[in-house]
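Single-letter residue listing:
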Amino acid sequence: MGILEVKGVNKRFGGLQALGDVNLSVAENTVHAIIGPNGAGKSTLLNCLVGKLIPDTGSVMFDGQSVLGRAPYEINQMGISRVFQTPEIFGDLTVMENMMIPCFAKRDGAFELNAMPSVGSQKDIIERAESVLEDMNMADKRHMHSASLSRGDKRRLEIGMCLSQEPRLLLLDEPTAGMARADTNNTIDLLKQIKDERDITIAIIEHDMHVVFSLAERITVLAQGTPLVEDTPENIKGHPKVREAYLGESA
Amino acid sequence: MFGLDKKDKSLLAIVAILTLLAPFILNPFPTDSAMAQFNAGYPDLMQRFVIFGIFAVGFNILFGLTGYLSFGHAAFLGVGSYSAVWMFKLLSYNIIPAIILAVIIAGLFSLLIGFVSLRRSGIYFSILTLAFAQMSFALAYSVLSNPKFNLTNGETGLQVYNDDPQILQGANAPDLPHLFGLSMRSTYTMEIGPWAFDFNAGYYVCAVIMMVAFYLAIRIFRSPFGMMLRAVKSNQQRMNYTGLNTRPYTLAAFVISGMYAGLAGGLMAAMDPLAGAERMQWTASGEVVLMTILGGAGTLIGPVLGAGFIKYFENIFSKINDNVLHGWFAFLPDGLEDFVVTIIHPFVGKGWHLTLGLMFMMVVIFLPGGLVEGGQRLAAWVRGKRNKGKDKTTGKTEPAE
Ligand SMILES: Nc1ncnc2c1ncn2[C@@H]1O[C@H](COP(=O)(O)OP(=O)(O)O)[C@@H](O)[C@H]1O
Ligand SMILES: [Mg+2]
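Fair warning: this is a prediction, and the values are worked out from it, not measured in the lab. (Residues numbered from 1 in each chain as written. Chains lettered and ligands numbered in written order. Predicted model: local features only at pLDDT ≥ 70, side-chain atom pairs only at ≥ 80, totals over all residues. Heavy atoms only, no water.)

1. Some details on the overall build of chain A
Within chain A one finds nine helices and 10 strands. Taken over the C-alpha trace, chain A has a radius of gyration of 19 Å; the compact-globule value for 251 residues is 18 Å, and the two agree within 12%. With respect to the three principal axes, the spread of C-alpha positions in chain A is 60 × 40 × 35 Å. Counting only residues that meet the buried cut, chain A has 53% of its 251 residues in that class. Long-range contacts, defined as pairs at least 24 residues apart, comprise 66% of the intrachain contacts of chain A with a sequence gap of at least 6. Total accessible area on chain A stands at roughly 10,500 Å², and carbon and sulfur atoms take up 48% of it. Averaged over its 26 positive side-chain charges, chain A has a centre that lies 3 Å from the centre of its 35 negative ones. (Helix = DSSP H or I, 4+ residues; strand = E, 2+ residues; numbered from the N terminus. Rg over C-alpha atoms; globule rule 2.2 N^0.38 Å. Buried < 20%, exposed > 50% of the residue type's maximum accessible area, 1.4 Å probe, protein only. Contact = heavy atoms within 4.5 Å. Areas by Shrake-Rupley, 256 points an atom, 1.4 Å probe, with all protein chains shown as cover. Lys, Arg positive; Asp, Glu negative; His and termini not counted. Charge placed at Lys NZ, Arg CZ, Asp CG, Glu CD.)

What follows is the structure in structure tokens.
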């Protein structure tokens, strides 16, 4: 049994079958990549895992509990954090404030009317946020307005925000899409470091083969909403069906 | 002390000094001088300054922090006034129960309206609040005022009559709103040479309450809750995927700002024991939006400045009529005098809205951060100038602070 079990998931948008009978099992403490050409249904699948979309049929179990019908914030509180295709951070807030918010969510839950003590008096939160910023190599940017960070640093911050919650499953949707090479390598290094240093399961959707093959332990290939094969990176590289559906297209 | 940092403490101190000394500050011109009409230090207007200050400070907790623009906050102000007058009618003219009930009822009412309106965001939220406020206005104006069930006394407005129960009204307590016997109307006038300064009990009650309200707003701004509200404004999607439920945060902000509005409405009734439906009209809701934006939404002091500014204009500019203008420009040749008066005429007196509208446009276009941004730019400019002056005299550059 994997930490994440997807069984028989179907999702239609009008006449379009975006997901057709998807089965997927992600083993605990592995990096599992989901690849496939544009429009294959990768983002749709991910949205079904985090409560943004509800599948028409099928089940999604996380750690033995169904996530279906729960709001995104409830699913996050179960231990799933998500990184978006374009970094979603609090652009009007400083880097430090960005980092403190998930720490509050972890400590106080989905809502807490904490209106009288000052933020400065929350020593445990400050300490936690500072140590994660340290880990992310962003301590020197703590007072910066987060909207003025580079694309790569925004991604780094977003990943840090997710990690500060110590999620059991981290979901990443094309974390390097639209990034310059340097930022991409930067992000790969960060993810490698996370994978080596922490007990965490990572499911990553990626278009960029370089990223996939340098990180993943298992790969599922999705084409037209249905998983074609699931295997190790070495076997995927040589798989004829995959070449046909995916690699052939990008080569 | 107070759990504030140094900067906030000095801000609070400045506000305290300005409000306590307002009778002097607002009456700079001798009573008999031609400029006396610009004096704003009379009890009525000073009370309005601080009451609308409270209203705007509360509104800013919702609008400034979460970005949710309510067009219906006057409804809570009106509900506060009606509740307070009912307390006068049923219990006594003591303002304490009146103000407490005003805050509680406005809080409950905003819980209801907020719960429904916050199912939408952006323009739809604004429209919903507007619709609710106009419904409340209609209810107060006609529906809830019929011989069988007269809650609001319709067009006439709710007031205290001789045959009202007033079960706690003591035999020799003042026959007007009072604080344990101290009448809200009692005023001591201090005359110094040609100057006169009014110290009014009602004003000081409002001023002290405003300082408490302002202090609580600072605490909210600096709290984890305040940070969450700013996060709502910045990125709700990220909040949801960070395990935070945005709905109760926005609802709490809505109710808090509704309670501030109710407090302002209660104080209004405490200064003048009368509540009318026009207090709930959409123009009144729009006014607090203008105050907040003009002063600087999302800043602490901005809404207070905006409220003072607009109330000053409403009461002072509106009094400048043609006679006054002719007086000012009497030194000009006759034809020219008439011409100048004709040009200025539309902008003063009844036309003060025109001036206010123009100023509002200028602020929104050139100072999106409102008067507070204007002040900051001015301060930066002065500092820059002073530093330059220093460079010239000493002949060497000072290290930056
Ligand atoms: N909300 C939606 N409404 C209608 N069609 C959608 C929606 N989301 C995705 N689709 C369609 O579903 C298919 C899969 O999309 P998506 O999951 O975004 O693909 P990928 O992320 O693999 O590129 C595409 O054809 C897309 O146009
Ligand atoms: Mg996608």
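2. Some details on the sheet that holds strand E4 (residues 57-62) of chain A
Residue and element names in this part refer to chain A. A sheet is described by the order of its strands in space; here four strands give the open sequence E2-E1-E4-E5, paired in antiparallel fashion. Of all the strands in the sheet, the pair left with one neighbour each is strand E2 (16-26) and strand E5 (65-66). Relative to E2, strand E1 (residues 4-13) runs antiparallel, the two sharing seven bridges. Within E2, the position partnered with Val 9 by the bridge is Val 22. (Pairing = 2+ DSSP bridges.)

3. A short note on the nonpolar core
Within the largest apolar cluster, 142 residues are counted, with the highest numbers of intra-cluster contacts made by Met 100, Leu 157 and Ile 204 of chain A together with Ile 61 of chain B. Here the element with the most residues in this core is helix H10 (residues 246-271) of chain B; it accounts for 16 residues. With near-sequence residues (within four places) excluded, Leu 157 of chain A lies in contact with Ile 89, Val 95, Asn 98, Met 99, Leu 133, Met 138, Ser 146 and Leu 149 of chain A. (Core = buried A, V, L, I, M, F, W, Y, C linked by side-chain atoms within 4.5 Å.)

4. What about the sheet that holds strand E6 (residues 80-83) of chain A?
All names here are of chain A. Strand order in the open sheet formed by six strands is E6-E7-E8-E3-E9-E10, and the pairing between neighbours is mixed. Of all the strands in the sheet, the pair left with one neighbour each is E6 and strand E10 (226-231). Averaged over all neighbouring strand pairs, the angle between strand axes comes to 15 degrees, with direction disregarded. Bridging between strand E3 (residues 31-35) and strand E9 (residues 218-223) involves four bridges; their strand directions are parallel. (Axes fitted to C-alpha atoms, helices over the stretch in contact; angles between N-to-C directions.)

5. Overview of the pattern of salt bridges
Any two side chains of opposite charge can pair if their charged atoms end up close together. For the structure shown, the criterion picks out 22 salt bridges over all chains. Between Arg 107 of chain A and Asp 108 of chain A there is a salt bridge, with the nearest N and O atoms lying 2.8 Å from each other. A relative accessible area of 34% means that Arg 107 of chain A is categorised as partly exposed. Between Glu 373 of chain B and Arg 377 of chain B there is a salt bridge, and its shortest N-O distance comes to 2.6 Å. Within this pair, Glu 373 of chain B and its partner Arg 377 of chain B are both found in helix H16 (residues 370-394), separated by four residues, close to a single helical turn. (Salt bridge = Lys/Arg side-chain N within 4 Å of Asp/Glu carboxyl O.)

6. Examining the interface of chain B and chain A
It is common to report an interface's size as the accessible area lost on association of the parts. Counting residues at the interface gives 26 residues for chain B, matched by 37 residues for chain A. Together, the buried faces of chain B and chain A total about 2,800 Å²; carbon and sulfur atoms form 64% of this surface. If you sort the residues of chain B by the area they bury against chain A, Met 227, Arg 238 and Tyr 241 of chain B come out on top, with a joint share of 27%. Across the chain B-chain A interface, the total number found is two salt bridges. Its salt-bridge partner being Arg 230 of chain B, residue Glu 97 of chain A comes within 2.8 Å of it at the nearest N-O pair. At the boundary of chain B with chain A, the tally comes to 21 residue pairs in polar contact (both at pLDDT 80 or more). The set of elements that each furnish at least two residues to the side of chain B that touches chain A consists of helix H7 (201-222), helix H8 (224-234), helix H9 (236-240) and H10 of chain B. For the side of chain B that touches chain A, the leading source of residues is H8 of chain B, giving eight residues. Along the lines of polarity and charge, the residues of the side of chain B that touches chain A split into 13 nonpolar, eight polar and five charged. (Buried area = accessible area lost by both parts, 1.4 Å probe. Polar contact = N/O pair within 3.5 Å; in protein donor to acceptor, adjacent residues only side chain to side chain. Nonpolar A, V, L, I, M, F, W, Y, C, P; charged D, E, K, R; others polar.)

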